[in-house]
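Coordinate inspection notes
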Amino acid sequence: MKEIRVAPIRNGTVIDHITAGQALNVLKILGVNEHSIDSTISVVIKVPSQKGMKWKDVVKLEDRELDPETVDKIALIAPNATIVIIRDYYVAEKYKVKLADKIVGLARCSNPHCITNMGEPVAPEFNVVSRDPLKLRCAYCDRKLTNISDNLL
Ligand SMILES: Nc1ncnc2c1ncn2[C@@H]1O[C@H](COP(=O)(O)OP(=O)(O)OP(=O)(O)O)[C@@H](O)[C@H]1O
Ligand SMILES: [Mg+2]
Ligand SMILES: [Zn+2]
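Residues numbered from 1 in each chain as written. Chains lettered and ligands numbered in written order. Predicted model: local features only at pLDDT ≥ 70, side-chain atom pairs only at ≥ 80, totals over all residues. Heavy atoms only, no water.

**A look at the sheet that holds strand 7 (residues 125-131)**
Taking strand neighbours across the sheet as the criterion, the four strands line up as 6-7-8-9 in an open arrangement whose pairing is antiparallel. Taken across any chain shown, the strands that pair with only one partner, and hence form the sheet edges, are strand 6 (102-104) and strand 9 (144-145). In this structure, strand 8 (residues 134-138) lies alongside strand 9, joined through two bridges in antiparallel fashion. Of the residues in strand 9, the one forming a bridge with L136 is L145. (Pairing = 2+ DSSP bridges. Helix = DSSP H or I, 4+ residues; strand = E, 2+ residues; numbered from the N terminus.)

**A word on the coordination of the zinc ion (ligand 3)**
Taken together, the protein ligands of the zinc ion (ligand 3) are C109 (SG), C114 (SG), C138 (SG) and C141 (SG), with distances of 2.3 to 2.4 Å. Every donor residue of the zinc ion (ligand 3) comes from the same chain, spaced as C-x4-C-x23-C-x2-C. Residue C109 is located in the loop between strand 6 and strand 7, and its partner C138 is located in strand 8; the two are separated by 29 residues in the primary sequence. (Donors = N, O, S within 2.8 Å, 3.2 Å for Na, K, Ca; no water.)

**Notes on the packing of aromatic side chains**
Following the criterion strictly, the structure yields zero aromatic pairs and no others. Positioned over the ring face of W55 is K46, at 5.1 Å from the centre of the ring. (Phe/Tyr/Trp six-rings, centres within 6.5 Å; stacked < 30°, edge-to-face > 60°. Lys NZ or Arg CZ within 6 Å of the ring centre and 35° of its normal.)

**As for the domain arrangement of the chain**
Domains assigned within the chain are domain 1 (12-96) and domain 2 (102-147). Domain 1 and domain 2 are separated by 25 Å when their C-alpha centres are compared. On the domain 2 side, the residues contacting the four residues of domain 1 number four residues. Buried area between domain 1 and domain 2, summed over both chains or domains, comes out near 410 Å², and the portion from carbon and sulfur atoms is 83%. At the boundary of domain 1 with domain 2, the tally comes to zero salt bridges. Considering only residue class, the side of domain 1 that touches domain 2 consists of one nonpolar, no polar and three charged. (Domains from an automatic or database assignment. Contact = heavy atoms within 4.5 Å. Buried area = accessible area lost by both parts, 1.4 Å probe. Salt bridge = Lys/Arg side-chain N within 4 Å of Asp/Glu carboxyl O. Nonpolar A, V, L, I, M, F, W, Y, C, P; charged D, E, K, R; others polar.)

**Overview of the pairing of strand 1 (residues 12-19)**
Taking burial as the measure, the eight residues of strand 1 include seven buried ones, the bulk of the element. The sheet contact formed by strand 1 and strand 3 (residues 55-62) spans six bridges and is antiparallel. Across the sheet, residue G12 finds its bridge partner in strand 3, namely E62. By the bridge criterion, five bridges tie strand 1 to strand 4 (residues 82-87) in an arrangement that is antiparallel. Bridge assignment links T13 to a residue of strand 4, and that residue is I85. (Buried < 20%, exposed > 50% of the residue type's maximum accessible area, 1.4 Å probe, protein only.)

**Observations regarding the sheet that holds strand 2 (residues 41-48)**
The strand order across the open sheet built from five strands is 2-3-1-4-5, with neighbouring strands paired in antiparallel fashion. Since the sheet does not close on itself, it has two edges, and those belong to strand 2 and strand 5 (90-96), each with one partner. Geometrically, the sheet is characterised by an average inter-axis angle of 15° between neighbouring strands, direction not taken into account. Looking at chain direction, strand 2 and strand 3 are connected through six bridges and run antiparallel. Each residue of the ladder has a partner; that of V44, found in strand 3, is V58. (Axes fitted to C-alpha atoms, helices over the stretch in contact; angles between N-to-C directions.)

**Some thoughts on the layout of surface pockets**
Empty space within the second largest pocket amounts to approximately 260 Å³. Around the second largest pocket, the lining is made up of 14 residues, and of these P79, N80, R131, D132 and L134 lie nearest the centre. Taken domain by domain, the makeup of the lining of the second largest pocket includes at least three residues from each of domain 1 (12-96) and domain 2 (102-147). (1 Å grid on protein atoms, 1.4 Å probe; cavity = no way out; pocket = protein on both sides within 12 Å on 5 of 7 lines; lining within 4 Å. Points joined across faces, edges and corners; volume = space filled by probe spheres on them.)

Printed below as a string of structure tokens:
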């Protein structure tokens, strides 16, 4: 028997297999705040996962689909997340988030003297140094980005 923790949604998006503990950062990426909520959002934190990782978080969004930039940001804090599009209660599409080799315009460099923080028209850019655990290095000043979720744009 499938365990049901939240009511099924008719249309919307399930963000599944989120790294346990990252659901609140996913909500931050989605721009969820008291003024922006216009449909039901279900958040499940630390439930058992059958897939490799022992625990996961899940976020279910009714009547909402995600743009590619949002999905790319989610990949930065939840590299194993799955995006599931629900239409008429069924899984219509499912894909894994994917981390590019270069992260452009998604996070700011933590070095205040970096060219990307000087008001110049230079988009912040990071090279992926390691994927597991994720390590990013600024393409301009070489500074390691230590707290990715706090520096998301
Ligand atoms: N109508 C729905 N409303 C809410 N959540 C749904 C709905 N349909 C599927 N889901 C959720 O979407 C995710 C993917 O559904 P699927 O049926 O593919 O599960 P699965 O076989 O466990 O997939 P996976 O192998 O990716 O974990 C699951 O977390 C499931 O609970
Ligand atoms: Mg599953
Ligand atoms: Zn920099």
